[in-house]
Amino acid sequence: MMIRLPGLIDIHTHLREPGATHKEDFATGTAAALAGGITTIFAMPNTQPPLIEADAFHLALDAAAQKARCDYGIYLGATADNAADLPSLADQAAGLKFYLNATYGPLLLDDVAAWRKHFEHWPVDRPIVAHAERQTLAALLFVAGLHDRAVHICHVSRAEEINLIKAAKDRGQPVTCEVAPHHLFLTTSDLPVDQDGEEEPWEGRMSVRPRLATPADQQALWDNLDVIDCFATDHAPHTLAEKDSDEPPSGFPGLETILPLLLTAVHQERLTIDDIVARMHTNPRRIFNLPEQPETWVEVDLQDEYIIQAAQTHTKCGWTPFEGWKARGRIRRVVLRGQDVFKDGQILAPPGYGNNIRAHQP
């Protein structure tokens, strides 16, 4: 059975350009997006250099303009001392990213006074998204409430977090959130064990931030689907050599597996097609004020069963935590602005075909 979906939007990806293009770049990352039925991606600012000022931001914009095969937006990163400088770039950015937990260098924003400065300076009509876990999430919701500012919470993974967001929504606070597929489909029960049968919880290929949570946490996400506004991959590719090293970096690739995993959940009657469209098209467009893509759709064969294999993917990193999983629902064709950009496993869009979603937007 063939169905047609609108072009999907992934509001949370790491495409590693500038600075770490051996893992991914705009050409390979957007090829992976199209293969996954995604026609718009948003790239995060924790690159090398980080996108915290105009020169680095324009370096990323220039690379995307030359290489991106699908449409794109790029976030700016908040730091302790750039609140007054970023508003002049706001109309070019997908949004402003707060890193409040588990990051490195100048992007870790652990001073509440700095949060408040950004809330005061950043334009009210431009999104603020945040990595905020547990107690930090509670603090952020309080501060955002003081400033009457909307905030979008990235990769929610725990029961306490989804419950905090639910309570904030019940109070009428303008908060939205996303969940990544690895938190919907993997838990601590999937972690490797050592030779003594003990878990090796954060080592190797299963290292990710936020960490994989418990089965109870995962169930809380499924039980609160109505609280979850978006599904987003947090596509964070690293090479196998890096993941298998003594100090493995955190992150999973996800652009090419999110839709097959979600479609498999539809067959298991855990989701509906409307659930997917709402969280990967309708809600992202509303939250981020995105224009519609004309003549854009994704054709999916709902009955096709197959095994997920990294060897068949387009991401540069060449592996997936879902290797060997059975999926049901294959992406056959993607049309972007009236042009075939992916068909039966082949990427047809050239580098540079993608548009910056903010370039012509008021």
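None of the values given here were measured: they were computed from a predicted structure.

Caption draft 1: Just the nonpolar core, in detail. By size, the foremost hydrophobic cluster in this structure holds 97 residues, and its most contacted members are Ile74, Phe98 and Leu140. Looking at this core element by element, the count peaks at 7 residues for helix 9 (residues 258-267). Ignoring any residue separated from it by four or fewer positions in sequence, one finds Phe98 in contact with Ala78, Leu109, Trp115, His118, Phe119, Ile128, Val129, Ala130, His131 and Leu140. Phe42, Tyr99, Cys154 and Phe288 belong to the second largest nonpolar core, which has 16 residues in total.

Caption draft 2: Structural detail: the pairing of strand 9 (residues 175-179). Summarising burial for strand 9: 5 of the 5 residues are buried, a large majority. Of the two faces of strand 9, the one lined by Val175, Cys177 and Val179 and the one lined by Thr176 and Glu178 are each fully buried. Taken together, the 3 bridges between strand 8 (residues 151-153) and strand 9 define a ladder with parallel strand orientation. Within the sheet, the bridge partner assigned to Val151 lies in strand 9 and is Val175. Running through helix 5 (residues 159-170), the crossover from strand 8 to the neighbouring parallel element strand 9 is right-handed. Relative to strand 10 (residues 230-231), strand 9 runs parallel, the two being bridged by 2 bridges. When the bridges of strand 10 are listed, Val179 appears paired with Phe231.

Caption draft 3: The sheet that holds strand 8, seen in detail. Strand order in the open sheet made by the 6 strands is 5-6-7-8-9-10, with parallel pairing throughout. Every interior strand has two partners, whereas the edge strands, strand 5 (76-77) and strand 10, have only one. This element, helix 4 (residues 134-146), spans strand 6 (96-99), strand 7 (128-131), strand 8 and strand 9 of the sheet and lies at about 165° to strand 8.

Caption draft 4: View of the packing of helix 1 (residues 26-35) against helix 2 (residues 54-67). Packing of helix 1 against helix 2 brings their axes to within 9 Å, and their N-to-C directions diverge by 60°. In terms of axis orientation, helix 1 runs oblique to helix 2. In terms of crossing hand, the pair formed by helix 1 and helix 2 is right-handed. On helix 2, the residues that touch Phe26, Ala27 and Thr30 of helix 1 are Ala60, Ala63, Ala64 and Lys67. Among the residues making up the contact of helix 1 with helix 2, the classes are represented as 5 nonpolar, 1 polar and 1 charged.

Caption draft 5: How the structure looks around the layout of surface pockets. Taken as a whole, the second largest pocket encloses approximately 330 Å³ of empty space. Lining the second largest pocket are 17 residues; nearest its centre among them are Ala35, Glu256, Tyr306, Gln312 and Arg330. The leading source of residues in the lining of the second largest pocket is strand 12 (residues 326-336), at 3 residues. Here the residues of the lining of the second largest pocket are counted per class, giving 7 nonpolar, 6 polar and 4 charged.

Caption draft 6: Main features of the sheet that holds strand 13 (residues 339-343). Strand order in the open sheet formed by 5 strands is 1-11-12-13-14, and the pairing between neighbours is antiparallel. This sheet does not close on itself; its edge strands, each paired only once, are strand 1 (2-6) and strand 14 (346-347). Against the sheet, helix 9 makes contact with strand 1, strand 11 (297-307) and strand 12, and its axis sits at roughly 125° relative to strand 12, the strand it touches most. In the packing of helix 10 (residues 273-288) onto the sheet, the strands contacted are strand 1 and strand 11, and the crossing angle to strand 1 comes to about 25°.

Caption draft 7: Quick look at the packing of aromatic side chains. All told, the structure shown has 6 aromatic pairs when counted by the stated rule. Taken together, a centroid distance of 6.2 Å and an interplanar angle of 90° make the contact between Phe252 and Trp319 edge-to-face. Taken together, the residues span a long stretch of sequence, with Phe252 in the loop between helix 8 (240-243) and helix 9 and Trp319 in the loop between strand 11 and strand 12 at a distance of 67 residues. A relative accessible area of 5% means that Trp319 is categorised as buried.

What counts and what doesn't
Residues numbered from 1 in each chain as written. Predicted model: local features only at pLDDT ≥ 70, side-chain atom pairs only at ≥ 80, totals over all residues. Heavy atoms only, no water. Core = buried A, V, L, I, M, F, W, Y, C linked by side-chain atoms within 4.5 Å. Buried < 20%, exposed > 50% of the residue type's maximum accessible area, 1.4 Å probe, protein only. Helix = DSSP H or I, 4+ residues; strand = E, 2+ residues; numbered from the N terminus. Contact = heavy atoms within 4.5 Å. Pairing = 2+ DSSP bridges. Right-handed = clockwise from strand over helix to strand, strands pointing away. Axes fitted to C-alpha atoms, helices over the stretch in contact; angles between N-to-C directions. Parallel < 35°, antiparallel > 145°, perpendicular 65-115°, else oblique. Left-handed = near helix turned anticlockwise from the far one by under 90°. Nonpolar A, V, L, I, M, F, W, Y, C, P; charged D, E, K, R; others polar. 1 Å grid on protein atoms, 1.4 Å probe; cavity = no way out; pocket = protein on both sides within 12 Å on 5 of 7 lines; lining within 4 Å. Points joined across faces, edges and corners; volume = space filled by probe spheres on them. Phe/Tyr/Trp six-rings, centres within 6.5 Å; stacked < 30°, edge-to-face > 60°.

Limitation: the analysis is restricted to geometry and does not speak to function.
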